[in-house]
Amino acid sequence: MADLKLRDVRKSYGQTEVIKGVDLDILDGEFVVFVGPSGCGKSTLLRLIAGLEDITSGDIEIGGRLVNDVEPRDRGVAMVFQSYALYPHMTVRENVGFGLRLAKVPKAQREQAVGEAARILQMEPLLDRKPAQLSGGQRQRVAIGRAIVRDPDVFLFDEPLSNLDAALRMDMRAELAGLHQQLDSTMIYVTHDQVEAMTLADKIVVLKDGEVQQIGAPMELYEHPANLFVAGFIGAPKMNLLPGKVTAVDGHEAVLSGADLPRLVLPAPEGDKLAAGDEITLGLRPHDLKRMPDGPLELHTDLLERLGHETVVAGHLPTGARLTAVLDGRSPVALDETIRLGFEPSSARLFDAGGRAI
Amino acid sequence: MTHLENATAGAPKAPAPRPAATRRARRRRRDAVMFIGPAFLIYAAFVIVPLGMSVYYSLLRWDGIGPISGATFYGLKNYIEVLTDDDLLQIIGNAFQLAAWFTIPPVVLGLAVASAIRSQMAGRFGTATRTILFLPQVIPLVAAGIAWSWMYDRNGVVNQFLSLIGLESWTRGWLGDFTYALPAVGIIGAWVLLGLCTMLLVTGIARIDGSLYEAAKLDGARPRHEFRFVTLPGLKNEIGICVTVTIIQALSSFDIVYVATAGGPGIETTVPGLEIYRLAFAHRQVGLASALAIVLMILVLACVLPIQWALRERKQ
Ligand SMILES: Nc1ncnc2c1ncn2[C@@H]1O[C@H](COP(=O)(O)OP(=O)(O)O)[C@@H](O)[C@H]1O
Ligand SMILES: [Mg+2]
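As recorded in an unreviewed UniProt entry, chain A goes by the name sn-glycerol-3-phosphate ABC transporter ATP-binding protein UgpC, listed as coming from Pseudoroseicyclus tamaricis. UniProt, in its Sequence similarities (unreviewed entry) section for chain A, records the words "Belongs to the ABC transporter superfamily."

Section: the overall build of chain B
Within chain B, the regular secondary structure consists of 14 helices and 2 strands. Considering chain B as a whole, with its 316 residues, one finds that 38% of them fall into the buried category. In chain B, once contacts between residues fewer than 6 apart in sequence are set aside, the share between residues at least 24 apart is 66%. When the accessible area of chain B is evaluated, it comes to approximately 18100 Å², of which 67% is carbon and sulfur surface.

Observations regarding the packing of aromatic side chains
Aromatic ring pairs are described here by two measures, namely the spacing of the ring centres and the angle between the planes. Residues and elements named next belong to chain B. With the rule as written, the count across this model stands at 15 aromatic pairs over all chains. For the ring pair Phe254 and Tyr258, a centre distance of 5.3 Å and an interplane angle of 15° mean the geometry is stacked. On the basis of relative accessibility, which here comes to 27%, the residue Phe254 falls in the partly exposed class. On the accessibility criterion, Tyr258 (42% relative accessible area) is partly exposed. Here the aromatic rings of Tyr258 and Tyr277 are separated by 6.0 Å at their centres, their planes lie at 85°, and the arrangement is edge-to-face.

Topic: the pattern of salt bridges
All names here are of chain A. Applying the stated rule across the entire model yields 24 salt bridges over all chains. Residue Arg119 pairs with Glu116 through a salt bridge whose shortest N-O separation is 2.9 Å. Note that Arg119 and Glu116 are positioned in helix 3 (residues 107–120) at a spacing of 3 residues, about one turn of the helix. One network of salt bridges, in which partners are shared, links Asp8, Arg10 and Glu17.

Some remarks on the packing of helix 4 (residues 86–117) of chain B against helix 13 (residues 272–281) of chain B
All names here are of chain B. The N-to-C vectors of helix 4 and helix 13 enclose an angle of 140°; their axes lie 9 Å apart at closest approach. On the basis of their axis angle, the class for helix 4 and helix 13 is oblique. Listed contacts from helix 13 to Leu88, Ile91, Ile92 and Ala95 of helix 4 are Pro272, Glu275 and Leu279. Residues that form the contact of helix 4 with helix 13 fall into these classes: 6 nonpolar, no polar and 1 charged.

A short note on the pairing of strand 7 (residues 154–158) of chain A
Residue and element names in this part refer to chain A. Summarising burial for strand 7: 5 of the 5 residues are buried, a large majority. Where strand 6 (residues 77–80) lies against strand 7, 4 bridges are found, and the strand directions are parallel. Considered in strand 7, the bridge of Val80 is made with Phe157. Taken together, strand 7, helix 5 (residues 166–183) and strand 8 (residues 186–191) form a β-α-β motif whose crossover is right-handed.

Thresholds, definitions, all that
- Residues numbered from 1 in each chain as written.
- Chains lettered and ligands numbered in written order.
- Predicted model: local features only at pLDDT ≥ 70, side-chain atom pairs only at ≥ 80, totals over all residues.
- Heavy atoms only, no water.
- UniProt positions renumbered as here; feature names shortened; annotations may be inferred.
- Helix = DSSP H or I, 4+ residues; strand = E, 2+ residues; numbered from the N terminus.
- Buried < 20%, exposed > 50% of the residue type's maximum accessible area, 1.4 Å probe, protein only.
- Contact = heavy atoms within 4.5 Å.
- Areas by Shrake-Rupley, 256 points an atom, 1.4 Å probe, with all protein chains shown as cover.
- Phe/Tyr/Trp six-rings, centres within 6.5 Å; stacked < 30°, edge-to-face > 60°.
- Salt bridge = Lys/Arg side-chain N within 4 Å of Asp/Glu carboxyl O.
- Axes fitted to C-alpha atoms, helices over the stretch in contact; angles between N-to-C directions.
- Parallel < 35°, antiparallel > 145°, perpendicular 65-115°, else oblique.
- Nonpolar A, V, L, I, M, F, W, Y, C, P; charged D, E, K, R; others polar.
- Pairing = 2+ DSSP bridges.
- Right-handed = clockwise from strand over helix to strand, strands pointing away.

What follows is the structure, given as structure tokens:
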């Protein structure tokens, strides 16, 4: 177990800077998820922490020790790879015990540690098989077992569930959460799937183009996205973003209007952050939209997904702007229908012309 | 007409899908024969027939010039001679020594080169190395043999180099030396085959999942462990192919030896391939030559089949 600190960590491949100065504090025992679109540098950041790549500049501390020049094997980290990376010619037992074998741990002790890991992951019957004889989910277990058995300070996971089917992914997600509770160790988990991030994380780090967009607890990110990118990335379906303009600010109230927006009166944020004439973007979560006979938004539906417990309705506003709403499961709505939607003023989010939350 | 009626009448008795399946199976078999047939005929004409004739000749005493009807049946005496004659046994032994030279240095160096350029695989360095090492492969063996015999000459670059670094006393006419001629020839073969082995091993190592090396690093592996636990197991097939090819090359070698030493001094570098040629065309002992050829073939199979067998078993 250890905490972890990143100070202005940068990584360039040749001329292209891939990680552009990341500062991050990870507490002992925390489950941190790096999330972001493909190619944003999540894996690179994880590999920098593991020591599989050298940082170009900055500092990485694990458990209070500067590890910039420490070999991967001496960093006290274990990693679970997306491709599992099991040694194909070794049995599961040998795969899991390989690290201990290299560390010259006596055989009896090694067997015991492997057995313990196998018990935690319920894979005792698999111990004498080769990786080729395992299913994807079982391989995943072995890869995790190999990490557990080394009793690392920090666990690193690089998209460990992305090769599994949806049902298995959900099971493994729950198991990983359980594992974290059981082992109580620091875990860093990389995914492009915001659902995994929301469900697993104590703390989410949203990355885009090698820069941290926001760090926070899942609900914090959901409720108060720091910018348009986070707003669009966290939450499914995506937050609706409608351009508008401030027409007046009057004490505690701001009046907005826009092509898609009829006159809207919202509580003005603290401080004088809004002024009449400001260009803004209004963010509305699909789940916050409700059918209201006199609601301000007029949606012409053209897509209907009935999921049972809820109904996802998508369509366009009179100007053509797209809007998605999530209504009640049995909501009597039809395709090609015009419905009126409204929302609690407090659930609306405002972003300035630069995309930052107001 | 009756035939058709019979078939219809009999149909309800037999399971319904059966006739169709049989007809399809028959058609499939006919297609297979049609596709394999021509290749099989060529194979038979150029492999099986000559092999059978060699076996037949090996049982005769024949000078290869007169009509074969004039040859005398000799039974297994040719084989007994091959397996008891000291010179012929030494020649077979030479082939095995040569096999060690042809096989071990190329595979060991190939593995070293492949491991070394694994990380630079995509780079220009890797491509350049591969090209340079592969060059000997495209040079005709005869040309390679001639070039090397110049280099091994009393005034050749090998001796010049030894003199240059102060090892004057080591200089000699390498290919005429009773002790060093065979190793010298072996090095020529190793040089030729190094490219092929490196090529195979470099390509093979590129196919090993890179994250295995990273996983091993995190598991505490040092480079030697990575080599032993990731590279070697991952290259088992390629190493098997290299060993198979180099052993066959060594045991059946002819051209390099013929050009470099013509089998001398004495019979120090004579290999079965050379001896077969000599027995058949110079000494007119076609029967004995054929027997040696058959023995050589059996030796090649005895070396190569276990390797192939081991590789096949591993895949299951
Ligand atoms: N070895 C490398 N050389 C050059 N560019 C790289 C290398 N590894 C990653 N990159 C680049 O760095 C960026 C981030 O990659 P990565 O961390 O794998 O993204 P993610 O895991 O978020 O999908 C990508 O644009 C990728 O092309
Ligand atoms: Mg990645």
